Amino acid sequence: QVQLVESGGGWVQPGGSLRLSCAASGRTASSYALGWFRQAPEKEREFVATVSYTGSSKYYADSVKGRFTISRDNAKNTVYLEMNSLKPEDTALYYCAAARATNANYDYWGQGTQVTVSP
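Since the model is a prediction, treat every value here as computed from it, not as a measurement.

Visitor: Describe the nonpolar core, listing the residues and the values that go with them.
Guide: Counting 30 residues, the largest nonpolar core has L4, W36, L81, M83 and Y94 as the members making the most contacts within it. Discounting chain neighbours no more than four positions away, the residues touching L81 are L18, R19, L20, W36, V48, A49, F68, T69, I70 and Y94.

Visitor: Please set out the state of the cysteines residue by residue, giving values where relevant.
Guide: According to the stated counting rule, one finds 1 disulfide in the structure shown. Here C22 pairs with C96 through a disulfide, and the sulfurs are 2.2 Å apart. Every disulfide takes its handedness from the sign of the S-S torsion; for C22 and C96 that torsion is -80°, giving left-handed. With C22 in strand β3 (residues 18-25) and C96 in strand β9 (residues 92-99), this pair connects stretches of sequence that are 74 residues apart. Overall, C22 belongs to the buried group, its relative accessible area being 0%. For C96, a relative accessible area of 0% puts it in the buried group.

So, how was this worked out
- Residues numbered from 1 in each chain as written.
- Predicted model: local features only at pLDDT ≥ 70, side-chain atom pairs only at ≥ 80, totals over all residues.
- Heavy atoms only, no water.
- Core = buried A, V, L, I, M, F, W, Y, C linked by side-chain atoms within 4.5 Å.
- Buried < 20%, exposed > 50% of the residue type's maximum accessible area, 1.4 Å probe, protein only.
- Contact = heavy atoms within 4.5 Å.
- Disulfide = S-S within 2.5 Å.
- Helix = DSSP H or I, 4+ residues; strand = E, 2+ residues; numbered from the N terminus.

Right under this line is the structure:
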């Protein structure tokens, strides 16, 4: 069992930056791949980025490549999403999730943190 708690969301102007954090707890949390997903109003949830349990492999959605960076600190059981050059279309509820591997089903989900990008 893995518990996930996101933080760091908020309001930011277009072009601004935010850093999301997700604290993972549970006996085997550090052995899971951790990913970020998002869901905008009236849209389906979509993949944003993921990182392997070692931190050596990272994957991004095309829409965020070059602007977002995912990282993890296994000593703190925390994954981060650094978001730069934010656009209004990045507005969404951002979820952290855990999976046995980066390409496996995500079995555990956090409650989400809201990111709003507007003037």
